[in-house]
Amino acid sequence: MPRLESPSSINTFKQCKRKYYYTYKLELPRKDSIATLTGKAVHDSLENFFKIDIGNINKNNYNTLLRHELMGLFNNSWTKALPNLLNLQIDKETIRNYYQDCFQMLNNFINDFLSTLSSIINGSSFQEAFNKLKPKTEVYFQSDQHQVRGYIDAILNFNNEIYIIDYKTSSRDDVSEEYELQLAIYALMFKEKHNKLPDKLGLHFLRHGTKKFLEVTPDLVEKAKRECELIQLKTTSDNIDDYEKNPGPLCKWRNGQCDFYDVCFSQKKLGDYQEKLIQINKAS
Ligand code: SF4
């Protein structure tokens, strides 16, 4: 039975086969990190922002109220994330800095959103203008043909053009190969479901307040198909020896390390996973 992959699992395989093996074959637990927890708080805030009740908002108060709503949602998400953040045993100053960073990212987002809103609001009500810019958020796609699935952050139909947008909280705002493949797979899944390609594939770099778009070409989609085929072919084995390590900067960095660093580079913990290895070998 082929495994349903995702842009994330395919990119993990391309980065380090051993990491793929531990994550998706053995399904070893991953630790929360400050980046994943705070990134989730930002994503949740944006998702919920487009579900707010806009009945009491109008052209005179939308600037203040929308900003207020988004920041209120962020504070709720942050409060939910806080116990897990404190569990990371990181000093409070670092957590505060992350809070400020996330706040700034959402501030960049709302500035951009309000500016676009003000450019289209003339001649329509606030509600009409807001709904024009309101994407569908966290949309689940699954391609049985290509054995891949994923959640798309936002899909917007604006002026008869379909935009697929992924929000990024990363410190860099370049379109890496990894991001390109992620968007290409989204385009592939969108096409399978709707029988047409999206018009724009975009990355919204929240930290930088910038948006970058990729051209949607047949080549891009072909590349996504190839990667989906390749991963199925290359992951049929359940033998750890077929998944080589890729020692390098992804193993350990200035203030963190790969979840599996100890398993890869310390004999001590290998034994913990032998049980799991035996189970997977029995099942296959
Ligand atoms: S520690 Fe390095 S080699 Fe080991 S799984 Fe992580 S990235 Fe791969």
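### Considerations on the overall build of the protein
Moving on, step 1. The secondary structure content of the protein amounts to 11 helices and 7 strands.
Moving on, step 2. Taking the principal axes of the C-alpha coordinates as reference, the protein spans close to 65 × 50 × 30 Å.
Moving on, step 3. Looking at the protein as a whole, 26% of its 284 residues qualify as buried.
Moving on, step 4. Contacts spanning at least 24 positions in sequence make up 69% of the contacts within the protein whose residues lie at least 6 apart.

### Observations concerning the site of the ligand
Moving on, step 1. The ligand sits among Cys16, Arg18, Lys19, Lys245, Asn246, Pro247, Leu250, Cys251, Cys258, Phe260, Tyr261 and Cys264.
Moving on, step 2. Mapped by element, the contributors of at least two residues to the shell around the ligand are α2 (17-25) and α9 (261-265).
Moving on, step 3. A per-class count over the shell around the ligand returns 8 nonpolar, 1 polar and 3 charged.

### Some words on the environment of Lys80
Moving on, step 1. Along the chain, the position of Lys80 falls in helix α4 (residues 62-87).
Moving on, step 2. Along the backbone, Lys80 and Asn108 are 28 residues apart, and their C-alpha atoms lie at a distance of 22 Å.

### Structural notes on the nonpolar core
Moving on, step 1. Of all hydrophobic cores here, the largest spans 49 residues; its most connected members are Ile164, Tyr186 and Ala187.
Moving on, step 2. Counting residues per element, this core draws most heavily on helix α7 (residues 177-194), at 9 residues.
Moving on, step 3. Looking at this core, you find at least three residues from each of domain 1 (34-132) and domain 2 (136-234).
Moving on, step 4. Each residue touching Tyr186, except ones within four places of it in the same chain, is listed here: Gly150, Ile152, Ile164 and Leu201.

### Section: the domain arrangement of the protein
Moving on, step 1. Here the protein is described as being made up of domain 1 (34-132) and domain 2 (136-234).
Moving on, step 2. Taking only C-alpha atoms into account, the centre of domain 1 sits 23 Å from that of domain 2.
Moving on, step 3. Taken residue by residue, the interface counts 11 residues in domain 1 and 9 residues in domain 2.
Moving on, step 4. Considering every element that reaches the side of domain 1 that touches domain 2, the biggest residue donor is helix α3 (residues 34-49), with 5 residues.
Moving on, step 5. Along the lines of polarity and charge, the residues of the side of domain 1 that touches domain 2 split into 5 nonpolar, 3 polar and 3 charged.

### With respect to the pairing of strand β3 (residues 161-168)
Moving on, step 1. With 5 bridges joining them, strand β2 (residues 148-158) and β3 adopt antiparallel strand pairing. The residue of β3 that forms the bridge with Leu156 is Tyr163.
Moving on, step 2. Between β2 and β3, which pair antiparallel and follow one another directly, the connecting turn spans 2 residues, one of which, Asn159, has a positive phi of 50 degrees.
Moving on, step 3. Two strands pair when backbone bridges link them, and β3 and strand β4 (residues 200-205) are joined in this way by 6 bridges, in the parallel orientation. Bridged to Ile165 within β4 is Gly202.
Moving on, step 4. What joins β3 to β4 is α7, and the crossover it makes is right-handed.

### Quick word on unusual backbone geometry
Moving on, step 1. For Glu138, which is not a glycine, the phi torsion comes out positive at approximately 50 degrees.
Moving on, step 2. Position of Glu138 among the secondary structure elements: in strand β1 (residues 136-143).
Moving on, step 3. For Asn159, which is not glycine, the phi torsion reads 50 degrees and is therefore positive.
Moving on, step 4. If you trace the backbone, Asn159 turns up in the loop between β2 and β3.
Moving on, step 5. With 9 C-beta atoms packed within 10 Å, Asn159 lands in the exposed category.

### Some thoughts on the pairing of β1
Moving on, step 1. Pairing between β1 and β2: 7 bridges, direction antiparallel. Of the residues in β2, the one forming a bridge with Ser143 is Val148.
Moving on, step 2. Linking β1 to β2, which pair antiparallel, is a turn of 4 residues; within it Gln147 sits at a positive phi near 55 degrees.

### So, α7
Moving on, step 1. Between the first and last C-alpha of α7 there are 25 Å, a value that for 18 residues agrees with the 26 Å anticipated at 1.5 Å per step.
Moving on, step 2. Two residues or fewer past α7, Asn195 is found with a positive phi of approximately 60 degrees.

### Notes on the sheet that holds strand β5 (residues 210-214)
Moving on, step 1. Strands sit in the order β1-β2-β3-β4-β5 across an open sheet of 5 strands; the sheet is mixed. This sheet does not close on itself; its edge strands, each paired only once, are β1 and β5. Neighbour to neighbour, the strand axes of the sheet diverge by 40 degrees on average, direction disregarded.

### Some thoughts on the packing of α3 against helix α5 (residues 92-120)
How two helices pack is summed up by the angle between their axes together with the distance between the axes.
Moving on, step 1. The contact between α3 and α5 brings their axes to 11 Å, and the two run at 30 degrees. The pairing of α3 with α5 is recorded here as roughly parallel in orientation. Viewed along their axes, α3 and α5 form a crossing whose handedness is right-handed. Residues Ile34, Thr38, Ala41, Val42, Ser45 and Leu46 of α3 lie in contact with α5, whose contacting residues are Tyr98, Cys102, Met105, Leu106 and Phe109.
Moving on, step 2. Taken together, the residues of the contact of α3 with α5 sort by class into 9 nonpolar, 2 polar and no charged.

Analysis parameters
Residues numbered from 1 in each chain as written. Predicted model: local features only at pLDDT ≥ 70, side-chain atom pairs only at ≥ 80, totals over all residues. Helix = DSSP H or I, 4+ residues; strand = E, 2+ residues; numbered from the N terminus. Buried ≥ 20, exposed ≤ 12 C-beta atoms within 10 Å, placed from the backbone. Contact = placed C-beta atoms within 7 Å. Near = placed C-beta within 6 Å. Nonpolar A, V, L, I, M, F, W, Y, C, P; charged D, E, K, R; others polar. Core = buried A, V, L, I, M, F, W, Y, C linked by C-beta atoms within 7 Å. Domains from an automatic or database assignment. Pairing = 2+ DSSP bridges. Right-handed = clockwise from strand over helix to strand, strands pointing away. Expected span 1.5 Å × (residues − 1). Axes fitted to C-alpha atoms, helices over the stretch in contact; angles between N-to-C directions. Parallel < 35°, antiparallel > 145°, perpendicular 65-115°, else oblique. Left-handed = near helix turned anticlockwise from the far one by under 90°.

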